[in-house]
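Commentary on secondary and tertiary structure
Spelled out from the first residue to the last, the chains are:
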Amino acid sequence: MDTQNTPIHVNLWHRGFWLLAIADLLVSISVYMMLPILPAWLLGHGMSALFVAGAMGVFGIGVFLLGPFCSYWVQHYRRNHVCVMALLGMLLAYLGFYALLQPSVMQLVGKENADNLFILLRLLLGALFGLSQMVLCSTLIIDCCESFQRTEANYAVAWFNRFALSLGPLVAVVSYRYLSADMMFLLMAALTLAGILLIQLVDFPFRAPDDNQHIVSLDRFILLDSWPLFLNLVLITVIIGMLFSVTHSMVFYGMLMVGFFLALLAEKFVFADADLKSEVISGLILIGAALLVMRSMHIAHAPVSEFVPPVLFGLGIGIIGSRFLLFFIKLSRHCQRGTSQSSFMLAWELGIGLGLFLGFALFDNSVSGLNALYQVGVVLAIANLLLYNFVTHSWYINHKNR
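What you are looking at is a predicted structure, and each value in this text was computed from that prediction instead of being measured. (Residues numbered from 1 in each chain as written. Predicted model: local features only at pLDDT ≥ 70, side-chain atom pairs only at ≥ 80, totals over all residues. Heavy atoms only, no water.)

With that settled, the discussion passes to the overall build of the protein chain. If you tally the helices and strands in the protein chain, you get 15 helices and zero strands. For 402 residues, the compact-globule formula gives about 21 Å, and the C-alpha radius of gyration of the protein chain, at 20 Å, lands near that figure. Each principal axis of the C-alpha atoms in the protein chain carries an extent, and together these give about 50 × 50 × 35 Å. Relative to its 402 residues, the protein chain shows a buried fraction of 59%. When contacts within the protein chain are restricted to residue pairs at least 6 apart in sequence, those whose partners lie at least 24 apart make up 88%. Working note: accessible area of the protein chain is about 16400 Å², and carbon and sulfur atoms make up 67% of it. (Helix = DSSP H or I, 4+ residues; strand = E, 2+ residues; numbered from the N terminus. Rg over C-alpha atoms; globule rule 2.2 N^0.38 Å. Buried < 20%, exposed > 50% of the residue type's maximum accessible area, 1.4 Å probe, protein only. Contact = heavy atoms within 4.5 Å. Areas by Shrake-Rupley, 256 points an atom, 1.4 Å probe, with all protein chains shown as cover.)

Structure representation (structure tokens):
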């Protein structure tokens, strides 16, 4: 039996680590708050479904744009300053959205220019978020921990990001009852500002720059050798994006968080000594089951509690995300830990962005649209299960370096 080595006993008491982890949580919440808010506003103001698809999906492309320069910047400048500048850029992007939602600004720039600016701001937001994640999660948090704690630190911070996937939309849905759409972007900016202040509270030692560092580099950006793992994770997270393109309630996002908590418990008590394949396969079965239950509820009006599907979905995504993260870490060679973290993040965000694009472009909230979306989701879950079981897992076993 292959052991999992899942770092479920996290014991990181370094003050800097927790400040950075909370900062990352707040920034990720601000990003995921846009998932229910921006499409609702755009559709409510007469934008086409294809335009909404482009505005939501382009974020997944943006996360790649600044990655090739990440290693050069963190080598030639204070790495915490690089992260703060990226977050300041995100804050300005939120203020840009706020300005565009003002009727006077919309009238001044014209509808066509405003549409283009929406797309551009989402692309810019994705680029800056991607850079901040590469520096924060792949460099700063690692620097705050002893070498023997770094896998635990990566694992813990990934869970902060995962909970943000449910907390962000939940905060947005609750806040939208009391705030207008433009004020929501000010709230996102405030969360980003709070993240900046937390990072500023952490002291980082000065490191002499590496004069041999190229301006464009794959270091801290993407692990090209991980492409089968990368592709499989993208195809899995496409399902997340597709599902998030459907209108959901507070109950859905709240119970999704419950599913994440259950995933944490499952890793400790269910999968601690299980076969290495079991987490991903079980997670994909849970995702497929959640989609089938949703289909039966919305199409066949089956008497199933609305609490069940998001719990199953969160449980499946939680255990898959943790396992793939550790796969990326174990696939990396010496001094490639940060690159493996960035690769995981890029695959995760690209898949969600692609799923959002497909969800808004091809499906709607009608009975037939939901039926088609759930069917495609189930087919993707089955295809991913087969791909992982017969290709990806054996490839990983033959290529891991740790």
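Don't stop here, the text continues.
Moving on, we get to the pattern of salt bridges. With the rule as written, the count across this model stands at three salt bridges. Between Glu279 and Arg323 there is a salt bridge; the shortest N-O distance is 2.9 Å. Placement of the pair is Glu279 in helix α12 (residues 278–298) and Arg323 in helix α13 (residues 308–331), with a sequence separation of 44 residues. Looking at Glu279, the relative accessible area reads 1%, which means it is buried. (Salt bridge = Lys/Arg side-chain N within 4 Å of Asp/Glu carboxyl O.)

Before going further, it helps to examine the side chain of Ser166. When you line up the elements, Ser166 lands in helix α8 (residues 150–175). Here Phe163 takes part through its backbone oxygen, which lies 2.9 Å from a polar atom of the side chain of Ser166. When near neighbours in sequence (up to four residues on either side) are disregarded, Ser166 contacts Tyr253, Leu256, Met257 and Phe260. (Polar contact = N/O pair within 3.5 Å; in protein donor to acceptor, adjacent residues only side chain to side chain.)

Another aspect to go through is the packing of helix α2 (residues 34–44) against helix α3 (residues 49–62). Where α2 contacts α3, the axes come no closer than 10 Å and their chain directions differ by 150 degrees. Between α2 and α3, the interaxial angle falls into the category roughly antiparallel. Pair α2 / α3 crosses with right-handed handedness. Residue-level inspection shows Met34, Leu35, Leu38, Pro39, Leu42 and Leu43 of α2 in contact with α3, the latter providing Ala49, Phe51, Val52, Ala55 and Met56. The class makeup of the residues in the contact of α2 with α3 is 11 nonpolar, no polar and no charged. (Axes fitted to C-alpha atoms, helices over the stretch in contact; angles between N-to-C directions. Parallel < 35°, antiparallel > 145°, perpendicular 65-115°, else oblique. Left-handed = near helix turned anticlockwise from the far one by under 90°. Nonpolar A, V, L, I, M, F, W, Y, C, P; charged D, E, K, R; others polar.)

On to the packing of aromatic side chains. Counted by the stated rule, this structure contains 21 aromatic pairs. Where Phe328 meets Phe344, the ring centres are 6.1 Å apart and the plane angle is 75 degrees; that geometry is what we call edge-to-face. Of this pair, Phe328 sits in helix α13 while Phe344 is found in helix α14 (residues 337–362), placing the two residues 16 residues apart along the sequence. Look at Phe328 and you get buried, because its relative accessible area is 0%. Overall, Phe344 belongs to the buried group, its relative accessible area being 8%. (Phe/Tyr/Trp six-rings, centres within 6.5 Å; stacked < 30°, edge-to-face > 60°.)

On to unusual backbone geometry. The phi angle at Arg220 is positive, at roughly 65 degrees, despite the residue not being glycine. Relative accessible area serves as the criterion here: at 14%, Arg220 is assigned to the buried category.

An ideal rise of 1.5 Å per residue puts 20 Å on 14 residues; α3 measures up with 20 Å between its terminal C-alpha atoms. The element α3 is largely enclosed, with a buried count of 10 among its 14 residues. Check the buried side of α3 and you find it contacts α1 (15–32), α2, α7 (111–143) and α14. (Expected span 1.5 Å × (residues − 1).)

Let's shift gears to the environment of Arg78. Inspection of the secondary structure puts Arg78 in the loop between α4 (67–76) and α5 (79–100). A sequence separation of 126 residues divides Arg78 from Phe204, and the C-alpha atoms of the two residues are 8.6 Å apart. With sequence-adjacent residues up to four places away left out, Arg78 is seen in contact with Phe204, Pro205 and Phe206.

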